[in-house]
Amino acid sequence: MSTVQDHLPLAPLAAAGPAPVQPNRRRPTRRAALGTAGRYLTLVLALVLLVGPLVVPLLAAFKAPGEDLFGPNATVLPQNWSLDAFRELLDRIPIFAYMGNSLMVAVLAVGSNVIFASLAGYMLSRQGWRGRKTVYLLLISAMIFPFESIMVSLFAQVRGIGLTDTLAGVWVPGMVAVLNVLLMRAAFMAVPSEIEDAALMDGAGEFRRFWQIFLPATRGVLTVVVITTFITVWDDFLWPLLILRSDENLTLMLGLSQLQGNFGLDYRVVLAGAVAAFVPVAILFFICQKYFFKGMESGGVKL
């Protein structure tokens, strides 16, 4: 004879098994908190040391006439914001024409470096042809000599082909940099060989592998080449000083050197010119920063 207890369901706790163990969430210790605060303090200090000498002079360009630019009585932020220095800059020199000349040379240099450094770096990264190591050693040895040691001979060659006092004469010596070739070579060699083998099995030719496999995999290094080449050409002063003669062909750095008059130097106007020279570089960096920091992560493995 069955009882009532025989028809009762089993206890839910017994059917469910043992209770899950809750993770032990410990609060961060005091030592870890101090370590995090120390890291942030170090980063802030490094930011002040690196950016401070740049920001303070740039802010001085917006000070009104009569304010102290530097010294014990000078303030970091302008007490009265003014654009008088920029108006005087526009009156003294045709800065937009000079910026256009520098921009033209920089764009030509960036384009030629991207094309020739990519092709040369890809060639040096490929195996199976004689003389590859010899060419690589010659490129390495070329970096030993500073520009000042070959400046006279380079000027004679540029004058021999009739490119003095032209923007092409400023651009030709910087068509391709040895460092950019070596950077692209190292980037191409870092692409996994399995990807190239898979492309070969799919019937991809040499140019298709270069264009669709290797270039997308090295976009981070390409961005480094673009930014460094642009800044180098944009800030160049010595070589344009040797090549250019006429006022309409001057680059921005040479044009800013004309701000020094016979009765001294107005630092407010010079700082305004520095702000104008800094803006294109900042725009380029902010446009390319995504590829500059994350381009190396999106390599050939994702293709």
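Here the structure is shown first, and the text comes after it.
Quick notes on the rules
Residues numbered from 1 in each chain as written. Predicted model: local features only at pLDDT ≥ 70, side-chain atom pairs only at ≥ 80, totals over all residues. Heavy atoms only, no water. Phe/Tyr/Trp six-rings, centres within 6.5 Å; stacked < 30°, edge-to-face > 60°. Helix = DSSP H or I, 4+ residues; strand = E, 2+ residues; numbered from the N terminus. Buried < 20%, exposed > 50% of the residue type's maximum accessible area, 1.4 Å probe, protein only. Lys NZ or Arg CZ within 6 Å of the ring centre and 35° of its normal.

S.K.: Describe the packing of aromatic side chains, naming the residues involved and giving the relevant values.
M.R.: Throughout the structure, instances matching the rule amount to eleven aromatic pairs. With a centroid separation of 5.8 Å and an interplanar angle of 50°, the aromatic rings of F62 and W81 are classed as tilted. Of this pair, F62 sits in the loop between α2 (30-60) and α3 (84-92) while W81 sits in the loop between α2 and α3; the two residues are 19 residues apart in sequence, bridging distant segments of the chain. A residue is classified by how much of its surface remains accessible, and F62, at 22% relative accessible area, is partly exposed. You can call W81 exposed: its relative accessible area is 56%. Geometry around Y136 places R185 over its ring, the cationic atom sitting 4.0 Å from the centre.

S.K.: Lay out the environment of L241 in plain terms, naming residues and giving numbers.
M.R.: Along the chain, L241 turns up in helix α12 (residues 238-243). According to the relative accessible area criterion, L241 is partly exposed, its value standing at 43%. As for L241 and D165, which are separated by 76 residues in sequence, their C-alpha atoms are 9.7 Å apart.

S.K.: Can you tell me about unusual backbone geometry, naming the residues and giving the values?
M.R.: Of note in this structure, D165 is not a glycine but carries a positive phi near 60°. Tracing the backbone through its elements, the reader meets D165 in the loop between α6 (147-160) and α7 (167-171). Since its relative accessible area comes to 23%, D165 is described here as partly exposed.

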